[in-house]
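Chain by chain, the residues:
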Amino acid sequence: MKHFVAALLAFLSVLAAGLASQPAQAANLTCPSQTADSVTSVAQIPVVYVHGWTANGASAERDTLPALGDRLGPGYRTFAFDYVWANTTWGAEEKISGCLARFVEHLSDASLAGGGAGQVAIVAHSMGGIVSRAATGYLAKEGRSDSLAGIVTLGTPHQGTPFSGGLATIYEYVARMTPKFNGSIIPTWDKVATPPNDSPASRCLAFPHPDGCAMVPYVQPGQKIGVIAGQTKVTMTLFNLNLFNSAAVIDIGDSIVPTSSALGYPGSLVGASSPKGAFLGEKRVVCERTSSLINATALKLGIFDLGRDDAYLDEMNKGRAGIAMSSWAASLSFIGAPCNHGALPTSKDALGYAVDFINSMAVGRFGLDKAYQNKTPDIHFQGASGRVPYTFNYRSDWNVTTSTSGYQVEVKNKQGQQLAELSFPLDWSPVAPMIGPTYTEATAATGKVNIQPSNKNCAGCSLQLQSFIVDSREAATVPGLQGYPLQWEKPIAAVTRLATDANPPSTINMRLLPGIHEIGIPGGKTVAVQLASIRYFDTKEQAQAWLQSADHAAVSRLFMSLRFQ
C-alpha cells in the first residue's frame, strides 16, 4: 500500500512540476534569500538548476545537484535557485524571473571575483524553463546578457500542455475517484496547493498563451539554448497483442508535457520571425510501453475505468487533458521510467544530454578548452600599461614578458615561440596595405569578452574571438602602393584575434593583421589595444592543426579572460 501511496503522491507532484502561475508583481522587486547569497567568489563555472512548480531548492540540492555536479566535473559548481515562495506563479512573471536574473548576476559577479569569465549556465526543469527564458529579458534590460551563456530545458512546456486550465479538476478527479486499495483511501489530497482553473496559473499553460499572460521571450543574441524531452512511445495492445497493427504506436510525451512542446522552443514566441540566440538542438529520453501494461497498472490501482484506451485517444486528439490522460499519467508514474516528467531532473540520460549542451556553450574560460582542463593550471597575470591595470590568464608553462612600462606584452611557449601579443597603446602611423583572402577554420574557441569598445562604429559592442588562416602567396598589393614587400617568416599565417565581430573577414590587410580597438576603461577613458596571436606555417594543414590544438585553445582562453580594472 505504501508503494501505491508514494506513486500517486509522486504523480500529483509530477503533474504540477513546472506548471502554473499568478499575475505579475509590482515594479519594486523583493527577492527572498537564496542559499548561495553568501557566495562572493567562485573559481569554477557556475551552473544554476531551476526547479519546476511545487518543487523547491531543498529537494534540488538533495537530488539533482549531486547528480548534475558529478557529470559536469570539477570545473563547474552547481547552485539551486529556489522560488518555493511563488512556485504556483506563471514563470514569466517578474516576481520569479526577475529574481532569477538577479541571482544570475550575483553568481556572474562571483565568477569574475574568482578569476573566471563571469558567465553562468542554467539547467531548468518544466516551468523552470519558462522562468529562465523570461529572466533573459530582465538581464538584457540591465545590460547583463553576457552574464548568461545559455539554458538547457528539461520537459519545459515551450508550446503548452493539454493540462492547461484543468489542473484543479484533474486533482479533484484523482482525489475523489481513486477508490480503495487494500481497504485504504489515499489521504492528504487537500494539502496539495492547486490554483483555480480560471487563474493565470492554469490558463497560461495553453498555447498560444492567452491574453494577460506575461510573454516568454527567446534567449538573447549571444546566448544559447538546448532542449530535452521525455518521450513515451505506447504500443496499443490488448492482453499484450497488437490492438490494431504494428504501426499503432502513440507518442504521449513525458505524460504531462507533449514531446512537440518540450522540443518546441523554435516557434514558441508567436509573432516573432525567428529566435535571437543560438539553438543548440534537441535530445530525447525515450521509453517504450504497451497500453496493456498501463491498463494493468491502472487496474491494480483501482482506476482502470478512468483510463480506457478510447477515452485517452479522444482526449489526446482534442488536445485537452481529462481524467483518462490523468489516469495514464498516474499509472506511468507508478511504473516508473527515466522519461517521466518528474524523473527528468535525476535521469542519467537527461543530465548527460544537459552536460553535453553546456560543454557546447563554451562557457567562460574552462568551456574554451575542455580537453585541456585540469592538465595545466592557469596563472593569473596582473600588469599595467601606464596607469591602466589589466589581467589575463595563461598557462603555467608559458612565459610572459613586458616592455615599455607594460605597454607591450609577449606570451611565448617553453620553446620560445611567440604565441600572443598584446600592445597598448598603439602607434597609429599609416602603412601600405596588402590585401589577402582568409580561410575560416572552425575551432572550439568561441565566446565574448565583456570589454566595451568605444569607437564610433561599434559603440556598446563586445569583442569576440576570430580564428582564420591567411595565405600570403595569394595576396594582392593595393594599386598605386607598390614596393612594399610582404616579409613573413613562412607563407601561411594562422590568426586568432579579438574583434567586434565573431565572423572573420573575407580579406585581411596583411600589414595590420592583429586589428586595432579602442577599449573603454573605467573613468570614461579609452585605450588603443592590439590583441592577437599570429603563428606562421609552411602549409595550410599545419595551420589547421594549430587551430585545433590544445595550445591554441589555451591562447583563446587567454584572450577571453582579459579584463581591464
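Residues numbered from 1 in each chain as written. Predicted model: local features only at pLDDT ≥ 70, side-chain atom pairs only at ≥ 80, totals over all residues. Heavy atoms only, no water.

1. Quick notes on the pattern of salt bridges
One side chain can pair with another of opposite charge once the charged atoms of both are near each other. Our working definition: What counts as a salt bridge is simple: a side-chain nitrogen of Lys or Arg found within 4 Å of a carboxyl oxygen of Asp or Glu. Working definition: with a 1.4 Å probe on protein chains only, accessible area under 20% of the residue-type maximum means buried, over 50% means exposed, and in between means partly exposed. A run of H or I in DSSP counts as a helix once it spans at least four residues, and a run of E counts as a strand once it spans at least two, with each numbered from the N terminus.
A full pass over the atoms with the stated rule returns eight salt bridges. Here R62 ties to D63 by a salt bridge, and the two come within 2.9 Å at their closest N and O atoms. For D63, a relative accessible area of 34% gives the class partly exposed. Residue D109 pairs with R144 through a salt bridge whose shortest N-O separation is 3.0 Å. In this pair, D109 is assigned in helix α3 (residues 94–113) and R144 in the loop between α4 (127–141) and β4 (148–154), connecting sequence segments 35 residues apart. With relative accessibility at 40%, the residue D109 sits in the partly exposed group. By relative accessible area, which is 22% here, R144 ends up partly exposed.

2. Topic: the state of the cysteines
To be explicit about the condition: The disulfide definition used here is simple: a pair of cysteine sulfur atoms within 2.5 Å.
Considering all chains together, one arrives at three disulfides under this definition. The disulfide bridge from C31 ends at C99, spanning 2.0 Å between sulfur atoms. Where C31 bonds to C99 through sulfur, the torsion about that S-S bond is close to -95°, and the disulfide is left-handed. In this pair, C31 sits in the loop between α1 (2–16) and β1 (45–50) while C99 sits in helix α3, placing the two residues 68 residues apart along the sequence.

3. What about helix α10 (residues 323–335)?
To keep things clear, this is the line we draw: By definition here, a helix of n residues has an expected span of 1.5 Å times n minus one.
An ideal rise of 1.5 Å per residue puts 18 Å on 13 residues; α10 measures up with 18 Å between its terminal C-alpha atoms. If you check which residues of α10 are buried, you get I323, A324, M325, S326, S327, W328, A329, A330, S331, L332 and S333. Of the residues flanking the end of α10, it is G336, one or two places downstream, whose phi is positive at about 85°.

4. Some details on the packing of aromatic side chains
Our working rule: To pair, rings of Phe, Tyr and Trp, with the six-membered ring standing in for Trp, must have centres within 6.5 Å; the planes then decide the type, stacked if under 30 degrees apart, edge-to-face if over 60, and tilted in the middle.
Here the structure, examined in full by the defined rule, presents eight aromatic pairs. The interplanar angle of 70° and the centroid separation of 5.0 Å between the aromatic rings of Y218 and Y265 together place this pair among those described as edge-to-face. Pair noted here: Y218 is in the loop between α6 (200–203) and β5 (224–235) and Y265 is in the loop between α7 (259–262) and β9 (278–290), with a separation of 47 residues, a long-range link. The residues Y218 and Y265 share a single accessibility class, namely buried. Ring pairs connect the aromatic residues F81, Y83, W85 and F103, which therefore count as one cluster.

5. Description of the pairing of strand β13 (residues 408–412)
To keep things clear, this is the line we draw: DSSP calls a pair of strands paired once it identifies at least 2 bridges connecting them.
Burial along β13 is one-sided: the face carrying V409 and V411 is buried and the face carrying Q408, E410 and K412 is not. In the sheet, strand β12 (residues 399–403) pairs with β13 via five bridges, with the strands oriented antiparallel. Bridge pairing links V400 to V411 in β13. Strand direction decides the pairing type here: β13 and strand β14 (residues 418–423), joined by five bridges, are antiparallel. Bridging across to β14, E410 finds its partner in E421. Hairpin connection between β13 and β14: a loop of five residues separates the two successive antiparallel strands, and G416 in this loop has a positive phi of roughly 85°.

6. Comments concerning the side chain of N340
In plain terms, the rule: Pairing of N or O atoms within 3.5 Å defines a polar contact, subject to two protein rules: one partner must be a possible hydrogen donor and the other a possible acceptor, and residues neighboring in sequence count only if both atoms are side-chain atoms. Note on contacts: a residue pair is in contact if any heavy atoms of the two residues lie within 4.5 Å.
Secondary-structure assignment places N340 in the loop between α10 and α11 (348–360). Classification of N340 as buried rests on a relative accessible area of 8%. A polar contact of 2.9 Å, which involves the side chain of N340, links it to the backbone oxygen of L332. Beyond its immediate stretch of four places on either side in the chain, N340 contacts T232, D254, L332 and S333.

7. Topic: unusual backbone geometry
Glycine aside, a negative phi is what most residues show, and trans is what most peptide bonds show. Here F207 and P208 are connected by a cis peptide whose omega angle stands at -5°. Tracing the sequence through the fold places P208 in the loop between α6 and β5. Phi is positive for S126, which is not a glycine, with a value near 55°. Accessibility expressed as a relative area gives 0% for S126, which makes it buried. One non-glycine residue, S255, adopts positive backbone phi at about 85°. On the secondary structure map, S255 appears in the loop between β8 (249–251) and α7. On the basis of relative accessibility, which here comes to 7%, the residue S255 falls in the buried class.

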